[in-house]
Amino acid sequence: MAHFITDEWQDFLDNFDHLERSISAYRQGNQNEFKWMILTLFMSLQSLFVVCLKNTDFHNVTRNFCKKKGYRFVLCSNWDAGKVEVDHVAKEVRISTHSRVDRRLDQLAQIQAQLTGGMTEAEFAEMLHSCWMLVDFAELYHRVKSDQMKQFIDSKPLPASPRFDSAVETLISLRNQFIHFVPKLWEISEGHLQTVVVPCLEIIHFLLLESGNINAPEAREIGIRIDKLNSLLQKDYSLQPRRK
């Protein structure tokens, strides 16, 4: 039986391949590809943000906390295995963890012993699931601009840029409108490729080749492909979807 196997880097490569095809198809006149171009651009950025930030610690890109039973549960990595600390004054429970599938029943037993009313195994699993969820796109973008990017000697964050901020904000809005499409006649501005797609491709280019957090043989070749895409998008052609 064949299995689908991937990781965060392979996910980025797959997303970028689809993005590249969508941009080329749109440039060749397929107006319907605008939607897929936006969706795959969003996915490409999100997966690359994860690659840049994660390093060896999932907690760099996950929520790490949630509120249950009146307490704030916090996951902590690189800590004593199986350790649980309950602060009844701060209403906080700190749990050591090192793996996405880490669900230690000995930790559950400690929580049950220290919390009034305890916690069922199902509640424990739900709490861990919530903590392990990926932070949202806007937060990932914030983190790639922060010192969280400084994971190696030559690492550096994405430079602050109002142009990048505006592009990402609009990308999120477009993506959400496509994902949660409501009945409407929607005309999309022809300027979005220059104000959204091109800057976002520049973000990808920087993260791949200048951030210092990507060490993959494909990075430079993808950088060349991005340069070609940007050159393609700079050409004068109509970007506005036609009404039927």
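Our subject is the structure listed above.
As a starting point, this report considers the structure included with it. This one's a predicted model, so the numbers in the text were calculated from it and none came from an experiment. (Residues numbered from 1 in each chain as written. Predicted model: local features only at pLDDT ≥ 70, side-chain atom pairs only at ≥ 80, totals over all residues. Heavy atoms only, no water.)

Some points on the overall build of the protein
Tallying secondary structure elements over the protein gives eight helices and four strands in all. In sequence order, the protein lays out its α and β elements as α-α-β-β-β-β-α-α-α-α-α-α. The principal-axis extent of the C-alpha atoms belonging to the protein is close to 70 × 50 × 45 Å. Within the span of the protein, comprising 244 residues, buried residues form 44% of the whole. At a minimum sequence separation of 6, the contacts of the protein that also span at least 24 residues come to 65%. Carbon and sulfur atoms make up 51% of the accessible area of the protein, which amounts to about 13500 Å² in all. (Helix = DSSP H or I, 4+ residues; strand = E, 2+ residues; numbered from the N terminus. Buried < 20%, exposed > 50% of the residue type's maximum accessible area, 1.4 Å probe, protein only. Contact = heavy atoms within 4.5 Å. Areas by Shrake-Rupley, 256 points an atom, 1.4 Å probe, with all protein chains shown as cover.)

With respect to the packing of aromatic side chains
Given two aromatic rings, one states the distance between the centres and the angle between the planes to describe the pair. One pass over the structure, following the stated rule, counts 10 aromatic pairs. An angle of 35° between the planes, with centres 6.0 Å apart, marks the rings of Phe 12 and Phe 16 as tilted. Of this pair, Phe 12 and Phe 16 both sit in helix H1 (residues 8–27), four residues apart, which is roughly one turn of the helix. Accessibility assignment for this pair places Phe 12 and Phe 16 in one class, buried. Pairing Phe 49 with Tyr 141 gives two aromatic rings, centres 6.2 Å apart and planes at 35°, and the pair type is tilted. Of the two residues, Phe 49 sits in helix H2 (residues 33–54) while Tyr 141 sits in helix H5 (residues 137–144), which places them 92 residues apart along the sequence. Exposure class is identical for Phe 49 and Tyr 141. Each is buried. Aromatic ring contacts, followed pair by pair, group Tyr 26, Phe 34, Phe 178, Phe 181 and Trp 186 into a single cluster. Here the guanidinium or amino end of Lys 54 rests over the ring plane of Phe 58, the centre of that ring lying 4.8 Å away. In this arrangement the basic side chain of Lys 184 is found over the ring face of Phe 181, its NZ or CZ atom lying 5.5 Å from the centre. (Phe/Tyr/Trp six-rings, centres within 6.5 Å; stacked < 30°, edge-to-face > 60°. Lys NZ or Arg CZ within 6 Å of the ring centre and 35° of its normal.)

Some thoughts on the pattern of salt bridges
Summed over all chains, the structure comprises 14 salt bridges. Measuring nitrogen to oxygen at the nearest pair gives 3.6 Å for the salt bridge that ties Glu 123 to Lys 69. Here Glu 123, found in helix H4 (residues 121–131), pairs with Lys 69, found in the loop between strand E1 (65–68) and strand E2 (71–76); they are 54 residues apart in sequence, far enough to count as distant. On the basis of relative accessible area, Glu 123 is assigned to the partly exposed category, the value being 27%. Between Glu 92 and Arg 72 there is a salt bridge, with its nearest N and O atoms 3.3 Å apart. Linking Glu 92 in strand E4 (residues 92–96) with Arg 72 in strand E2, this pair joins segments that are 20 residues apart in sequence. Look at the salt bridges and you will find they share partners, linking Asp 17, Glu 20, Glu 221 and Arg 225 into a network. (Salt bridge = Lys/Arg side-chain N within 4 Å of Asp/Glu carboxyl O.)

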